[in-house]
Amino acid sequence: MKMYQQQIRLQEKRRGFHLITAEIVHAFPQISEIRTGICQVFIQHTSASLSINENADPTVRHDFEMFFNKAVPENDPDYLHDDEGSDDMPAHLKASLLDTSLMIPIRNGRLALGMWQGIYLCEHRNYGGARNIMLTAWGE
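Note that the structure is a prediction, hence the values are computed from the model and not measured. (Residues numbered from 1 in each chain as written. Predicted model: local features only at pLDDT ≥ 70, side-chain atom pairs only at ≥ 80, totals over all residues. Heavy atoms only, no water.)

(A) Examining the overall build of the protein chain more closely. A tally of regular secondary structure across the protein chain gives 3 helices and 8 strands. When the helices and strands of the protein chain are read in sequence order from the N terminus, they spell out β-β-α-β-β-α-α-β-β-β-β. For 140 residues, the compact-globule formula gives about 14 Å, and the C-alpha radius of gyration of the protein chain, at 16 Å, lands near that figure. Expressed as lengths along the three principal axes of its C-alpha atoms, the size of the protein chain is roughly 50 × 30 × 20 Å. Per-residue burial for the protein chain yields a buried fraction of 44% across its 140 residues. (Helix = DSSP H or I, 4+ residues; strand = E, 2+ residues; numbered from the N terminus. Rg over C-alpha atoms; globule rule 2.2 N^0.38 Å. Buried < 20%, exposed > 50% of the residue type's maximum accessible area, 1.4 Å probe, protein only.)

(B) Region of interest: the layout of surface pockets. For the largest pocket, the calculated volume is near 250 Å³. Taken together, 16 residues line the largest pocket, and the ones lying closest to its centre are Thr21, Val25, Arg110, Leu111 and Leu113. Residue classes in the lining of the largest pocket are distributed as 8 nonpolar, 7 polar and 1 charged. (1 Å grid on protein atoms, 1.4 Å probe; cavity = no way out; pocket = protein on both sides within 12 Å on 5 of 7 lines; lining within 4 Å. Points joined across faces, edges and corners; volume = space filled by probe spheres on them. Nonpolar A, V, L, I, M, F, W, Y, C, P; charged D, E, K, R; others polar.)

(C) A look at unusual backbone geometry. Of note, the phi angle at asparagine 75 is positive, near 60 degrees, even though the residue is not glycine. With respect to the helices and strands, asparagine 75 occurs in the loop between helix H2 (58-71) and helix H3 (88-97). Given the relative accessible area of 60%, asparagine 75 is considered exposed.

(D) Region of the structure containing the packing of aromatic side chains. All told, the structure shown has 6 aromatic pairs when counted by the stated rule. Considering the side-chain rings of phenylalanine 67 and phenylalanine 68, the 5.2 Å spacing of their centres and the 90 degrees angle between planes classify their relative orientation as edge-to-face. On the accessibility criterion, phenylalanine 67 (49% relative accessible area) is partly exposed. (Phe/Tyr/Trp six-rings, centres within 6.5 Å; stacked < 30°, edge-to-face > 60°.)

(E) Quick look at the environment of arginine 125. Position of arginine 125 relative to the elements: it lies in the loop between strand E7 (117-123) and strand E8 (131-139). Assessed through its relative accessible area of 8%, arginine 125 is described here as buried. In contact with arginine 125, other than residues within four places in its own chain, are Arg15, Ser47, Glu84, Asp87, Asp88, Ala91 and Arg131. Among the polar contacts listed, one links the side chain of arginine 125 to the side chain of aspartate 87, at a separation of 3.0 Å. (Contact = heavy atoms within 4.5 Å. Polar contact = N/O pair within 3.5 Å; in protein donor to acceptor, adjacent residues only side chain to side chain.)

(F) Representation of the sheet that holds E7. The strand order across the open sheet formed by 3 strands is E2-E7-E4, and the pairing between neighbours is antiparallel. The sheet is open, and its two borders are formed by strand E2 (16-19) and strand E4 (48-54), each paired with just one other strand. Going from strand to strand, the sheet's axes swing by 35 degrees on average, the running direction of each strand aside. Of the strand pairs in this sheet, E4 and E7 are connected by 7 bridges, and their pairing is antiparallel. Pairing of serine 51 across the sheet is with tyrosine 120, part of E7. Sheet contacts for H2: E2, E4 and E7; angle to E2, the most-contacted strand, approximately 150 degrees. (Pairing = 2+ DSSP bridges. Axes fitted to C-alpha atoms, helices over the stretch in contact; angles between N-to-C directions.)

(G) Representation of H2. With 14 residues, H2 extends 20 Å from end C-alpha to end C-alpha; this agrees with the ideal 20 Å at 1.5 Å per step. Residues of H2 that are buried: Arg61, Phe64, Glu65 and Phe68. Down the axis of H2, the buried set is contained in an arc of 95 degrees. They therefore lie on one face. Exposed and oriented more than 90 degrees from the buried face of H2 are His62 and Lys70. At its buried positions, H2 is contacted by E2, E4, H3 and E7. (Expected span 1.5 Å × (residues − 1). Arc of directions from axis to C-beta.)

Rendered as structure tokens:
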């Protein structure tokens, strides 16, 4: 069994849902050495998350942002944790509703995503900064 691990740092992105599939594949060429396996993508932050969804129509990413802003509004007077501004606690809640880790099959040296699937960085902060992603792949 082969096992590889790589940490990457994504440049700061504006608040919203961003396709990062190409960045991950480019930064982690060791995937090509695995015929059958798994790739874990893990974000090392509590106010951003990951998701797999539509990779073709950018309106899907817009609609995701709209939905989560309605579901988890800013400036709720019941939030106690607001040390870093009105987007602080909502960002943590949104990250918990989505996920911090994805498991993606590897087949013939490539991520086995569906035709219309892409990996999203879900940036929930107005100024989240650069984001660290830990990539781990294993298999035969």
